[in-house]
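Letter by letter, the chains look like this.
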Amino acid sequence: MNRLRVTSGPVLALVAGWLATRALMLGLLALGSAHVLGGGSVSREVWRLYFHWYGVLAQGTFPTHDTLWQYPPGAGLVLLAPGLLPWLSYFEAFVLLTLVADAAVAVALAVAGRRTGRSLRGAALWVGGLPLLLHMPLARYDVQVTALGVAALLALGRSPRAAGVFGALGAVVKVWPALVLLGVSRGRATRSAWSWATAAGCASLAVLALLFANPFAFLREQGGRGVQLESLGGTALNLARHAGWSGTVRYQYGSMELVGPQVHTVATASLALTAAAFALLVVWRLRARHFSPATPYDAALTAVLLFTVTSRVISPQYLIWLLGLAAVCLTSRHTRQRPVAVLILLATGVSTLVFPVNYGAVIDGTWPGCLLILARNLLLLAAAVLSFVRLWQSTRPPANVPASRALPEPGRVPDRAALTGS
């Protein structure tokens, strides 16, 4: 009984915190047109753009020749899901389903955190960190995608097959969850997770191709994207406006992008940096020798951070992904990513000051706007570098222990001779 009272207190606090913060987020969503919150641009994406795509998808086809449609075909199912609640408006149903996904993430993190040797810090980070983005998470489908990524990571310890399926479904919806399988320990777990992910991904795409026309139309629009104002390259160009750069900001491909001289060079450099980040991750994977129970979590966060900071686009909703992955890391007492999680929390708070609160200043390129986006991106860059360094260090064998005698990977039975030295 005593143990039950001790462990139930933090859980009740999490429940109360979730209810209170989500009520606040709903209130902000209702007041989203207030000038201090950046006007009505946050919720408009659901009731105007998502609802428009819902009408197209309901006809059995994906949007074509639509520069705003840049998402893998699985996203169509998420946007169609509000139709399952016909007694609600599309906007109401979308927000309700987003809250359900949000609650599912919180519950999964809390359940994982109550296991032996685990921590509830991850659930606390998710419950307390998501509201830093104000009402924006309720008006984007990134919470649903994050739920699939979190499910994949938390399933790894018990069922690599399920982890592979969740990762594949997430990738079919928004690509990045494919990265969560990067840190699976070598051997049977990797073969199982990756083979099931490949099978589930191919099967999902095949079914979508049978049910809908033009499932891969998004590739043409995705390839045409330029440099978004909020990316690292966009930040540099925005600052260059104060030094006489003649470029301008234009709304295209669903975001505010920079147009003018050197933009193509910056976009190419971003793609090259993304390729370099991928190469770094491959080198890490090949040289990693010591896998702890937290390594898959830490590797997932590192990979998504690296791909985020090198991208031509860093939208504010990307912080939802990072919060979810950081929360999974904190469920394990073995994680090396605690300082990274702090940097992500700071970046989340600053990101809200960028969008929606002061986005007009960012677009106009004023000094306050430039400095806000610079601060957010420097925090993300620092988080990415620190995350990779700590991941690299955590998977190298101790300096005084030969690689052949490093600790075994989780799930692998250690050799008696290796432990005794005989």
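Details of the structure are given in the entry above.
Residues numbered from 1 in each chain as written. Predicted model: local features only at pLDDT ≥ 70, side-chain atom pairs only at ≥ 80, totals over all residues. Heavy atoms only, no water.

Where do I start with the pattern of salt bridges in this structure?
Where charged atoms of side chains with opposite charge meet at close range, the side chains can pair. Taken as a whole, this structure holds three salt bridges when the rule is applied. Its salt-bridge partner being E45, residue R140 comes within 3.5 Å of it at the nearest N-O pair. Of this pair, R140 sits in the loop between α5 (121-129) and α6 (142-155) while E45 is found in helix α2 (residues 41-57), placing the two residues 95 residues apart along the sequence. Between D142 and K174 there is a salt bridge; the shortest N-O distance is 2.7 Å. Residue D142 is found in helix α6, and its partner K174 is found in helix α7 (residues 160-174); the two are separated by 32 residues along the sequence. The two residues D142 and K174 agree in class, both being buried. (Salt bridge = Lys/Arg side-chain N within 4 Å of Asp/Glu carboxyl O. Helix = DSSP H or I, 4+ residues; strand = E, 2+ residues; numbered from the N terminus. Buried < 20%, exposed > 50% of the residue type's maximum accessible area, 1.4 Å probe, protein only.)

Where do I start with the layout of surface pockets in this structure?
Where empty space is left becomes clear once a probe the size of a water molecule has been rolled over the atoms. Counted as a void, the largest pocket has a volume near 1400 Å³. In terms of lining, the largest pocket is formed by 46 residues, of which the most central are Q70, R225, V313, S315 and Y318. Every element with two or more residues in the lining of the largest pocket is listed here: α2, α9 (218-223), β3 (255-259), α11 (263-287), α12 (295-309), α13 (318-330), α14 (338-357) and α15 (359-364). Counting residues per element, the lining of the largest pocket draws most heavily on α2, which supplies six residues. (1 Å grid on protein atoms, 1.4 Å probe; cavity = no way out; pocket = protein on both sides within 12 Å on 5 of 7 lines; lining within 4 Å. Points joined across faces, edges and corners; volume = space filled by probe spheres on them.)

Is there a simple way to explain α6 in this structure?
Because an α-helix completes one turn every 3.6 residues, residues spaced three or four positions apart along the sequence face the same direction. In this model, α6 (14 residues) spans 20 Å end to end at C-alpha, consistent with the 20 Å of a helix rising 1.5 Å per residue. Of all 14 residues in α6, 12 are buried, a share of seventy percent or more. The complete set of buried residues in α6 reads D142, V143, Q144, V145, T146, A147, G149, V150, A152, L153, L154 and A155. Residues of α6 that are buried make contact with α3 (74-80), α4 (90-113), α5, α7, α12 and α13. (Expected span 1.5 Å × (residues − 1). Contact = heavy atoms within 4.5 Å.)

Please clarify how unusual backbone geometry should be interpreted in this entry.
The phi torsion of most residues other than glycine is negative, and most of the peptide bonds are trans. That bond from F355 to P356 is cis: its omega, 10 degrees, falls within 30 degrees of zero. Here P356 lies in helix α14. Phi at L134 takes a positive value of approximately 60 degrees, unusual for a residue other than glycine. Positionally, L134 belongs in the loop between α5 and α6. Judged by relative accessible area, L134 falls into the buried class, the value being 17%. A positive phi angle, near 65 degrees, is found at V175, a position not held by glycine. Along the polypeptide, V175 turns up in the loop between α7 and α8 (188-211).

Keep in mind these values describe shape, not function.
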